[in-house]
Amino acid sequence: MVSQKTTATDIGFTHDDFAALLDKYDYHFSPGDVVAGTVFSLEPRGALIDIGAKTAAYIPIQEMSINRVDAPEEVLQSNETREFFILTDENEDGQLTLSIRRIEYMRAWERVRQLQAEDATVRSLVFATNRGGALVRIEGLRGFIPGSHISTRKPKEDLVGEELPLKFLEVDEDRNRLVLSHRRALVERKMNRLEVGEVVIGSVRGIKPYGAFIDIGGVSGLLHISEISHDHIDTPHSVFNVNDEVKVMIIDLDAERGRISLSTKQLEPEPGDMIKNRDRVYDMAEEMAAKYREQMLAKQQGLTVEGSEAVATEGIEEDVPSAVEEDIPSAVEEDVPSAVEEDIPSAVEEDVPSAVEEDIPSAVEEDVPSAVEEDIPSAVEEDIPVAIEAE
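On record in UniProt, under Function (unreviewed entry), the comment for the protein is "Binds mRNA." Of the comments in the UniProt record for the protein, the one headed Sequence similarities (unreviewed entry) reads "Belongs to the bacterial ribosomal protein bS1 family."

Structural data, given as C-alpha cells:
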C-alpha cells in the first residue's frame with residue numbers, strides 16, 4: 001500500500017487581504033457626484049448613509065433640504081434609498097459628507113430658468129422685507145423684489161404674509177441673483193385687457209419735463225410731451241397738474257418692456273384743442289378714437305396688398321398719427337423711463353440679496369444655520385408654496 005502524506009495548508013483571510021479586496025472593488029467618489037444611497041442610521045443632527053464606500057457617509061441636518069429642517073425624520077426614513085450629492089471629500093476618518101440641499105438647488109435654478117424663458121407669472125408669499133425691498137421664495141430659492149417694483153401703497157413691512165403675482169427680472173445662478181417684479185406682473189395683467197386705440201380715463205400721478213405719467217386703473221402710462229397736442233408745448237406743467245383727471249388714448253402697448261404709451265394729440269378735433277378747448281377734446285374723444293382705429297385698420301389692410309404703396313396710403317390723411325409709423329414716438333424710446341416706474345435701474349443694483357449665500361460649505365457645520373437662512377427670523381422660515389398663475 002502506498003501511503004500518501006497530506007500537508008495541511010492554512011487558508012487564512014487576513015485583514016490586509018480584506019482591505020485589498022475592498023480597494024479592488026471600491027468605487028471612486030468625488031465631490032460634485034450624485035450617487036444613490038440608503039439611510040443607514042438617523043442621528044440627532046444628521047444621518048449615516050450607505051453609498052457603497054468603506055465608511056458610511058454623513059449628511060448633516062443643514063444639508064437635508066432647501067427649506068428649514070428641525071429633525072432628520074422630517075426628510076429621511078430608515079432604509080430609504082434616494083439620491084445624494086457628494087459635498088466634500090473624505091475626512092481623516094474616510095467619511096464623505098453628503099447633501100440633498102444641493103440637488104434641490106440645482107433643480108430649483110433649472111426650474112426658474114424655465115419659468116423665465118416661458119415669461120411665466122408666479123405667485124409667492126412675502127416672508128421678510130429689508131431696506132431695499134421684499135423677500136420671497138421661488139421654488140425654494142430666495143428672491144428679491146426691489147422697492148421700485150412693488151406696486152402697492154402699503155408700507156413694505158405690511159406686505160409680510162401677502163401673496164403677490166411676480167415676473168422675472170433677473171435669473172443668474174452664477175451670481176446667486178434672483179430678482180422679480182410685482183409691478184411688471186400687474187402691468188402685464190392690465191395690458192391683456194387694453195387695446196391700442198382704446199380711450200381710457202386716468203389721473204395725472206406725476207409730471208416730468210418729457211411728459212406726464214397717467215394712472216389708468218392701477219398702472220401707469222406715459223403721455224409723452226410730443227403726444228399732448230399738435231401745437232408746440234414748452235412743458236407738460238403748462239397743460240396738466242398732478243391729480244388732474246384726463247381722457248387719453250392708448251397708442252402703444254409694449255408688454256415686454258412693461259410700457260403703455262398714451263396720447264391726447266390724436267384726440268384733438270382741431271390742432272391745439274388740448275390747449276384751447278380741452279372740453280371739446282374730451283367730448284369728442286370716442287369719435288376721434290374711432291377715426292383713428294379706422295385709419296389704422298385701413299393702413300394695415302393696405303399694407304397687405306403686395307407691391308401696392310398707393311393702396312397702402314389710400315384713404316389715409318397726411319397727418320396719420322406717428323404712433324403707427326416705423327419711428328414710434330419717443331414715449332417708448334430707450335432713454336425715457338419706463339411707464340411702470342421711473343427708477344427701474346435699481347432692480348439690478350449691486351445690493352440685491354443673493355438667492356443662495358456664498359459660504360455654502362459652512363452649512364455642513366452643525367452650529368451654522370442653513371445657507372439661505374442667515375439674517376431671516378426663524379418665524380418666517382417655513383416652506384412657501386409657489387404656483388404658476390393661471391392664464
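1. Structural notes on the overall build of the protein
Each helix and strand in the protein was counted, giving 7 helices and 16 strands. Total accessible area on the protein is roughly 21200 Å²; 47% of this is exposed by carbon and sulfur atoms.

2. Quick notes on the sheet that holds strand E11 (residues 199–208)
Strands sit in the order E11-E12-E13-E15-E14 around a closed barrel of 5 strands; the barrel is mixed. Adjacent strand axes in the sheet meet at a mean angle of 50°, parallel and antiparallel pairs treated alike. Seen against the sheet, helix H3 (residues 182–191) touches E11, strand E12 (211–216), strand E13 (219–224), strand E14 (245–254) and strand E15 (259–263) and runs at an angle of roughly 75° to E13.

3. Some thoughts on the pairing of strand E10 (residues 177–181)
Judged by how many residues are buried, E10 sits mostly within the fold: 5 of 5 residues are covered. Side chains Arg177, Val179 and Ser181 project from E10 onto one buried face, and the interleaved Leu178 and Leu180 project onto a second face that is buried too. Of the pairings in the sheet, the one linking strand E9 (residues 163–172) to E10 comprises 5 bridges and is antiparallel in character. Along E10, the bridge assignment pairs valine 171 with leucine 178.

4. Here's the deal with the pattern of salt bridges
For the structure on display, the rule yields 15 salt bridges. A salt bridge links arginine 68 to aspartate 70, with the shortest nitrogen-to-oxygen separation between them at 3.3 Å. Take arginine 68: its relative accessible area is 39%, and that puts it in the partly exposed class. In this structure, a network of salt bridges that share partners links the residues Asp119, Lys167 and Glu188.

Basis of the calculations
Residues numbered from 1 in each chain as written. Predicted model: local features only at pLDDT ≥ 70, side-chain atom pairs only at ≥ 80, totals over all residues. Heavy atoms only, no water. UniProt positions renumbered as here; feature names shortened; annotations may be inferred. Helix = DSSP H or I, 4+ residues; strand = E, 2+ residues; numbered from the N terminus. Areas by Shrake-Rupley, 256 points an atom, 1.4 Å probe, with all protein chains shown as cover. Pairing = 2+ DSSP bridges. Axes fitted to C-alpha atoms, helices over the stretch in contact; angles between N-to-C directions. Contact = heavy atoms within 4.5 Å. Buried < 20%, exposed > 50% of the residue type's maximum accessible area, 1.4 Å probe, protein only. Salt bridge = Lys/Arg side-chain N within 4 Å of Asp/Glu carboxyl O.

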